[in-house]
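# Inside the fold
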Amino acid sequence: MYNRKLRLLLACFTILAFVLAACQPAASPTPEETEPPTDGQVGGSVSVLAVWGGDELDNFRAMIAPFEAETGITVEYEGTRDLNAVLTTRIEGGNPPD
């Protein structure tokens, strides 16, 4: 009985140690990582995979135009009618859309 309680107590302390280790704060970011660009532009690109075409695609592009202008981020749209197959292939290949 005493041995069982000791093992249970040891297991609890081990779990507590892992939890506390996982809760340690991450390394502090460098000033370059925390300061926003001075011109307000972030840059880069975001990929979007969807089934839109025609008016839906025009509306999507109109919606993202202010975002692109404000951030400098380019939205790269890729259209497909077989979303499940393309998405599955891209994920399995390690190249999913954003």
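Description of the structure in this document. (Residues numbered from 1 in each chain as written. Predicted model: local features only at pLDDT ≥ 70, side-chain atom pairs only at ≥ 80, totals over all residues. Heavy atoms only, no water.)

### What about the side chain of Arg 90?
Examined against the element boundaries, Arg 90 turns out to sit in helix α4 (residues 83-92). Other than its neighbours up to four places away in sequence, Arg 90 contacts Glu 78, Asn 95, Pro 96 and Pro 97. (Helix = DSSP H or I, 4+ residues; strand = E, 2+ residues; numbered from the N terminus. Contact = heavy atoms within 4.5 Å.)

### Points about the pairing of strand β2 (residues 74-79)
Sheet topology places strand β1 (residues 45-50) next to β2; 6 bridges connect them, and they run parallel. Bridging from a neighbouring strand, Ser 47 pairs with Glu 76 of β2. You can see the chain leave β1, run along helix α3 (residues 54-71) and come back into β2, and the turn it takes is right-handed. (Pairing = 2+ DSSP bridges. Right-handed = clockwise from strand over helix to strand, strands pointing away.)

### Concerning the environment of Gly 44
By the element assignment, Gly 44 lies in the loop between α2 (31-34) and β1. Each C-alpha atom, one on Gly 44 and one on Ile 73, is 5.0 Å from the other, the two residues being 29 residues apart in sequence. Once you skip the residues sitting within four places of it in the chain, Gly 44 turns out to touch Gly 72, Ile 73 and Thr 74.

### Focus on the environment of Ile 73
Looking at the secondary structure, you find Ile 73 in the loop between α3 and β2. With relative accessibility at 13%, the residue Ile 73 sits in the buried group. Apart from residues lying up to four places away in sequence, Ile 73 is in contact with Val 42, Gly 43, Gly 44, Ser 45, Val 46, Phe 67 and Glu 68. (Buried < 20%, exposed > 50% of the residue type's maximum accessible area, 1.4 Å probe, protein only.)

### Considering the packing of aromatic side chains
One pass over the full model with this rule turns up 3 aromatic pairs. Between the aromatic rings of Trp 52 and Tyr 77, the centroid separation amounts to 6.0 Å while the plane-to-plane angle is 15 degrees, which identifies the pairing as stacked. With Trp 52 in the loop between β1 and α3 and Tyr 77 in strand β2, this residue pair connects regions lying 25 residues apart in the sequence. Since its relative accessible area comes to 32%, Trp 52 is described here as partly exposed. Seen from their ring centres, Phe 60 and Tyr 77 are 6.0 Å apart, and the 50 degrees between their planes marks the pair as tilted. In this pair, Phe 60 sits in helix α3 while Tyr 77 sits in strand β2, placing the two residues 17 residues apart along the sequence. For the pair formed by Phe 60 and Tyr 77, the shared burial category is buried. The structure contains a cluster of three or more aromatic residues connected by ring pairs, namely Trp 52, Phe 60 and Tyr 77. (Phe/Tyr/Trp six-rings, centres within 6.5 Å; stacked < 30°, edge-to-face > 60°.)

Read these as spatial facts, not as claims about activity.
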